[in-house]
Amino acid sequence: MKRLITVAIIFVLFTAAHNVGYRINTTRSLPVGIYKKVPEPPKRGDLASFCLAPENEYRELAAERNYLGTSFLCPSGQKPLLKKLAGIAGDIIILHSNGIQVNSERYMLTTRTNDSSGRPLPRRLKAGIIPAGKAFMLSTYNPNSFDSRYFGLVDATALHKIIPVFTFN
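Residues numbered from 1 in each chain as written. Predicted model: local features only at pLDDT ≥ 70, side-chain atom pairs only at ≥ 80, totals over all residues. Heavy atoms only, no water.

Visitor: Help me understand unusual backbone geometry in this model?
Guide: Where the residue is not glycine, phi is negative for most of them; where a peptide bond is considered, it is trans in most cases. Look at N103: it is not a glycine, yet its phi comes out positive at around 55 degrees. For N103, the position within the fold is in the loop between β6 (99-102) and β7 (105-107). (Helix = DSSP H or I, 4+ residues; strand = E, 2+ residues; numbered from the N terminus.)

Visitor: How should a nonpolar patch on the surface be read in this particular structure?
Guide: Together, I10, F14, V20, Y22, I24, I34, V165, F166 and F168 line one region of the surface with nonpolar side chains, adding up to about 820 Å² of accessible area. Listed by contribution, the elements that provide at least two residues to the nonpolar patch are α1 (2-19), β1 (22-25) and β11 (160-168). Here the nonpolar patch gets three residues from one element, more than from any other, and that element is β11. Mapped onto the elements of the fold, Y22 is located in strand β1. (Patch = residues over 30% accessible without salt bridge, like charges linked within 9 Å, V, L, I, M, F, W, Y side chains within 5 Å. Areas by Shrake-Rupley, 256 points an atom, 1.4 Å probe, with all protein chains shown as cover. Salt bridge = Lys/Arg side-chain N within 4 Å of Asp/Glu carboxyl O.)

Visitor: What am I meant to see in the layout of surface pockets here?
Guide: One simple way to see leftover space: roll a probe sized like a water molecule over the atoms. One number sums up the size of the second largest pocket: a volume of about 340 Å³. Along the wall of the second largest pocket there are 21 residues; nearest its centre are R124, K134, G152, L153 and V154. Only β8 (128-129) and β10 (154-155) provide two or more residues apiece to the lining of the second largest pocket. (1 Å grid on protein atoms, 1.4 Å probe; cavity = no way out; pocket = protein on both sides within 12 Å on 5 of 7 lines; lining within 4 Å. Points joined across faces, edges and corners; volume = space filled by probe spheres on them.)

Visitor: For this particular structure, what's the right way to read the sheet that holds strand β5 (residues 92-96)?
Guide: What links the strands of a sheet is backbone hydrogen bonding, and the strands pair in either a parallel or an antiparallel sense. Taken together, the four strands give an open sheet; going across it, the order is β7-β6-β5-β8, and neighbouring strands pair in antiparallel fashion. In this open sheet, the two edge strands, each paired with only one partner strand, are β7 and β8. Bridging between β5 and β6 involves four bridges; their strand directions are antiparallel. Paired with I93 across the bridge in β6 is V102. (Pairing = 2+ DSSP bridges.)

Visitor: Looking at this structure, I do not really get the sheet that holds strand β2 (residues 32-37). What am I missing?
Guide: With respect to topology, seven strands assemble into an open sheet ordered β1-β2-β11-β3-β4-β9-β10, the strand pairing being antiparallel. Pairing within the sheet leaves two strands with one partner each, and these edge strands are β1 and β10. Pairing of β1 with β2, which is carried by four bridges, proceeds in the antiparallel orientation. Along β2, the bridge assignment pairs I24 with I34.

Visitor: Any chance you could explain the confidence of the model for the protein here in plain terms?
Guide: For residues with low pLDDT, the predicted coordinates do not support detailed interpretation. Of all residues in the protein, 93% attain a pLDDT of 70 or more, and the chain-wide mean is 85. Considering each helix and strand of the protein separately, the mean pLDDT is smallest for helix α2 (residues 59-64), with a value of 75, and largest for β8, with 97. (pLDDT = per-residue confidence, 0-100.)

Here's what the structure looks like:
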């Protein structure tokens, strides 16, 4: 009974923290810690939180392979992603053999063909101009992160700017 009460209290605290804009990151995409959602729209270079859209064809793949874990925080039942907003509408994406370039910013991140379990990874990213309403999200902290290199561009309206509150490596 005591354990059930403890779990219920933790659940209520996490729900309350989420409702006032706090996000807890336990993944390797960004430093582990607490982030806060702020009311301004994210700009290029900002960190942002978002959910994979239900129509994103890789949402099911992420669920099957447990890339994101489960959560009530997204309509898909998966945890929100936290990434850097690396490209916005009108930016040019150029693919190189040893990285990705957005306008003049070069990221030394290659696109892997298999995940850590040897399963093939989708490769949704294409070179070109980011269309209106879309955004290019990267983890520049972890080169093996599941980001726009694999699931493609995301809806810019789904992004919520976040700032680190307390993080540790």
